[in-house]
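Reading the structure
In case you want the letters, here they are:
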Amino acid sequence: VGPGFHARLINIGGGGVGLLVDKSEASALDRCRYVWMKIDLRPEIPAPIGLTARLVHVHTDHEQNVYAGLAFEFSFNAGHRDFVVSQIGRYVGAVQARHAA
């Protein structure tokens, strides 16, 4: 397990996430290619989803904040894929319903 850091969720899909990592914590991405993450999707999903992801690409903006693209990695636990995808689908459906109302 590498160094911990906080990030803001920018986008999410069935295959991965886009994160914004503040410049004060961005150096943690230099030391790891796989991360163990907890994705907090409250209030739509009551508990954080824990999973492994692989760092695919990074982009540093003019303020030195890092936009990171991570792909979900299920080779360590292939059975977890269906659960994660169903929870993300549930989250997206709930957010869309809330905005449609």
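Coordinates for the structure precede this section.
Described in the following lines is the structure provided in the data block. The model shown is predicted, which means the values in this text are computed figures rather than measured ones. (Residues numbered from 1 in each chain as written. Predicted model: local features only at pLDDT ≥ 70, side-chain atom pairs only at ≥ 80, totals over all residues. Heavy atoms only, no water.)

Concerning the packing of aromatic side chains
The condition that has to hold: In this scheme Phe, Tyr and Trp rings, the latter by its six-membered ring, pair at centre separations within 6.5 Å, and the angle between planes marks the pair as stacked below 30 degrees, edge-to-face above 60, and tilted otherwise. Working definition: helices are DSSP H or I runs of at least four residues, strands are E runs of at least two. Numbering for both runs from the N terminus. Exposed residues in this analysis have more than 50% of their type's maximum accessible area, buried residues have under 20%, and partly exposed residues fall in between, with area computed by a 1.4 Å probe over protein chains only.
For the coordinates displayed, the defined rule picks out two aromatic pairs. Taking the centre distance of 6.0 Å and the plane angle of 80° together, the rings of Tyr34 and Phe76 count as edge-to-face. Placement of Tyr34 in strand S3 (residues 34-39) and of Phe76 in the loop between strand S5 (66-72) and helix H1 (80-100) is noted, with a sequence separation of 42 residues between them. Given a relative accessible area of 44%, Tyr34 falls into the partly exposed group. When the centroid spacing of 6.2 Å and the interplanar angle of 65° are considered together, the rings of Phe72 and Phe74 count as edge-to-face.

Structural notes on the pairing of strand S2 (residues 16-21)
Short version of the rule: Whether two strands pair depends on DSSP finding at least two bridges between them.
Of all six residues making up S2, six are buried, and the element is well covered by its neighbours. Bridge count between strand S1 (residues 8-12) and S2: four bridges; the pairing is antiparallel. Opposite Ile12, over in S2, you have Val17 as the bridge partner. Counting the residues in the hairpin turn of S1 and S2 gives three residues. Examined bridge by bridge, S2 and S5 share six bridges and lie antiparallel to one another.

Here's the deal with the sheet that holds S2
What counts here: Note on geometry: axes are C-alpha line fits, over the in-contact stretch for helices, and angles between N-to-C directions span 0 to 180 degrees. We call two residues contacting when some pair of their heavy atoms lies within 4.5 Å.
With antiparallel pairing, the five strands of this open sheet are ordered in space as S1-S2-S5-S4-S3. Single-partner strands in this sheet number two, and they are S1 and S3. Direction aside, neighbouring strands of the sheet carry axes that sit 40° apart on average. The strands that H1 touches are S1, strand S4 (49-60) and S5; relative to S4, the one it contacts most, it runs at about 75°.

Notes on the pattern of salt bridges
Inclusion rule: Here, a salt bridge means any Lys or Arg side-chain nitrogen found within 4 Å of an Asp or Glu carboxyl oxygen.
Counting across every chain of the model gives three salt bridges. Residues Arg42 and Asp40 are paired through a salt bridge, measuring 2.6 Å at the closest nitrogen-oxygen approach. Classification of Asp40 as partly exposed rests on a relative accessible area of 40%. A salt bridge links Arg54 to Glu73, with the nearest nitrogen and oxygen atoms 3.5 Å apart. Of this pair, Arg54 sits in strand S4 while Glu73 is found in the loop between S5 and H1, placing the two residues 19 residues apart along the sequence.

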